[in-house]
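Understanding the architecture of this molecule
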Amino acid sequence: MTEHAVDERFDLTGRTAVVTGGGRGIGRAIALGLADAGADVVPTARTESDLEPVVAGVEERGGESALLTCDVADADDVDALFEAVEAELGPVDVLVNNAGINPANALGTPDRVDQDAWDLVTDVNLGGAFACARAAAPNLEETGGCVVNVASVGGLVGLPRQHPYVASKHGLVGLTKSMAIDWAPDVRVNCVAPGYVATDLTEDLTENEELRASIEERTPLDRFAEPEEVAAPVVFLASDAAAYVTGTTLAVDGGWTAR
Ligand SMILES: NC(=O)c1ccc[n+]([C@@H]2O[C@H](COP(=O)([O-])OP(=O)(O)OC[C@H]3O[C@@H](n4cnc5c(N)ncnc54)[C@H](OP(=O)(O)O)[C@@H]3O)[C@@H](O)[C@H]2O)c1
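Notes on the structure follow. If you're wondering where the values come from, they're calculated on a predicted model, not measured in any experiment.

This brings us to the overall build of the protein. Counting its regular elements, the protein contains 8 helices and 6 strands. Seen in sequence order, the protein has helices and strands lined up from the N terminus as β-α-β-α-α-β-α-β-α-β-α-α-α-β. Radius of gyration (C-alpha) of the protein: 17 Å, near the 18 Å computed for a compact globule of 259 residues. The buried share of the protein, taken over its 259 residues, is 50%. By sequence separation, contacts in the protein at least 24 residues apart represent 71% of the contacts at least 6 residues apart. Accessible area for the protein stands at about 12100 Å²; split by element, carbon and sulfur atoms hold 48% of it. Each charge class in the protein can be summarised by its mean position, and for the 16 positive and 44 negative side chains these summaries are 8 Å apart.

Here we take up the packing of aromatic side chains. This model, assessed by the stated rule, comprises 3 aromatic pairs. Look at F10 and F236: their rings are 6.3 Å apart centre to centre, the planes differ by 40°, and that puts the pair in the tilted class. Placement of the pair is F10 in the segment before β1 (16-20) and F236 in helix α8 (residues 227-238), with a sequence separation of 226 residues. Residue classification places F236 among the partly exposed positions, given a relative accessible area of 27%. Between the NZ or CZ atom of R212 and the centre of the ring of F224, over which it lies, the distance is 4.9 Å.

This part takes up the environment of D40. Here D40 shows up in strand β2 (residues 40-44). Judged by relative accessible area, D40 falls into the buried class, the value being 15%. Along the primary structure D40 and Q115 are separated by 75 residues, whereas in three dimensions their C-alpha atoms are 39 Å apart. Excluding its chain neighbours within four sequence positions, the residues that come into contact with D40 are R15, T16, A17, G63, E64 and L89. A distance of 2.8 Å separates the side chain of D40 from the backbone nitrogen of E64, its partner in a polar contact.

All right, on to a negative patch on the surface then. On the surface, D74, D76, D79, E83, E86 and E142 cluster together to form a negatively charged patch. When residues of the negative patch are assigned to their parent elements, the largest contribution, 4 residues, is made by helix α3 (residues 75-89). In this fold, D76 is placed in helix α3. On the basis of relative accessible area, D76 is assigned to the exposed category, the value being 61%.

Another point: the nonpolar core. The tendency in soluble globular proteins is for nonpolar side chains to be buried as a group. V18, V78, F82, L95 and W183 are the most contacted members of the largest nonpolar core, which has 34 residues in total. For this core, the elements supplying multiple residues, two or more each, are α3, α4 (115-143), α5 (163-183) and β5 (188-194).

Moving on, we come to the site of the ligand. Around the ligand lies a shell of 29 residues, among which R46, T47, N98, Y165 and T199 are the nearest. Separating an oxygen atom of the ligand from a backbone N or O atom of G21 is a distance of 3.3 Å. Residue T47 places a side-chain N or O atom 2.4 Å away from an oxygen atom belonging to the ligand. When the free accessible area of the ligand is taken as 880 Å², the share hidden by the protein chains comes to 96%. When contributions to the shell around the ligand are tallied by element, the ones reaching two or more residues are α1 (25-36) and α5. Looking at the shell around the ligand residue by residue, the class counts come to 14 nonpolar, 10 polar and 5 charged.

What counts, and where the lines are drawn
Residues numbered from 1 in each chain as written. Predicted model: local features only at pLDDT ≥ 70, side-chain atom pairs only at ≥ 80, totals over all residues. Heavy atoms only, no water. Helix = DSSP H or I, 4+ residues; strand = E, 2+ residues; numbered from the N terminus. Rg over C-alpha atoms; globule rule 2.2 N^0.38 Å. Buried < 20%, exposed > 50% of the residue type's maximum accessible area, 1.4 Å probe, protein only. Contact = heavy atoms within 4.5 Å. Areas by Shrake-Rupley, 256 points an atom, 1.4 Å probe, with all protein chains shown as cover. Lys, Arg positive; Asp, Glu negative; His and termini not counted. Charge placed at Lys NZ, Arg CZ, Asp CG, Glu CD. Phe/Tyr/Trp six-rings, centres within 6.5 Å; stacked < 30°, edge-to-face > 60°. Lys NZ or Arg CZ within 6 Å of the ring centre and 35° of its normal. Polar contact = N/O pair within 3.5 Å; in protein donor to acceptor, adjacent residues only side chain to side chain. Patch = residues over 30% accessible without salt bridge, like charges linked within 9 Å, V, L, I, M, F, W, Y side chains within 5 Å. Salt bridge = Lys/Arg side-chain N within 4 Å of Asp/Glu carboxyl O. Core = buried A, V, L, I, M, F, W, Y, C linked by side-chain atoms within 4.5 Å. Near = heavy atom within 4 Å. Nonpolar A, V, L, I, M, F, W, Y, C, P; charged D, E, K, R; others polar.

Put into structure tokens, the structure is as follows:
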């Protein structure tokens, strides 16, 4: 690597990024954070109306973007997405696998979670990430790019009554390691494991005062994270500042897993 100032290593000018689940919450913050660092960014999700302001936000920051919906649980949709991105913006340098769900019918003791709920959560959270990595592989190998997966503290420790979610997020942490080994030295693969972040996904928790207080008390930094506080470490992992980092999962959890 040529010598240059540390701050230049965070510069993503000329890179093309795809962020799944980029319409809301953490994914939206990641898409805009990558654009702040200079990247062209395609945020994708199923809901076009969520994507429109994010596409506009990327363009306002000087990046190129494209309005492309995708269901990451549908492998044909995923293949079509990456073909469209390559056609419109060129080969992908950065893939952020952020799309994730934890619906109410997937919560509870094992006897309460039916097969459909298990399939949906694992298909989106884990299968979707693998399908995107597979579809982006030729581009990533060509560009010497990188993947950042968004897991959860539920990928590092067990959480009661969240079996499909925890299994899928542990799977994502494992997938990060195996893909990093396979793809080295050409493509780096890393992961972040957020703690509790104030988004639509955690609305049930933030709106219930008692639950919110118990989570804050359990968190050494004593609060929920803002989505931008997850986006910044993702931008780091996507940049040359992390050129010697691969196969790792960075907890972004306010110290939650330090206890
Ligand atoms: N919030 C937290 O406290 C927290 C903590 C740890 C980890 N995480 C992880 O961080 C990621 C983002 O969470 P968030 O809190 O930002 O969630 P969110 O606000 O619910 O947003 C989820 C995003 O994923 C998209 N999505 C859902 N299913 C999809 C599918 N099948 N195909 C494509 N996109 C899909 C949603 O858009 P559509 O519905 O329009 O498709 C939306 O844009 C998830 O992987 C989550 O597990 C969150």
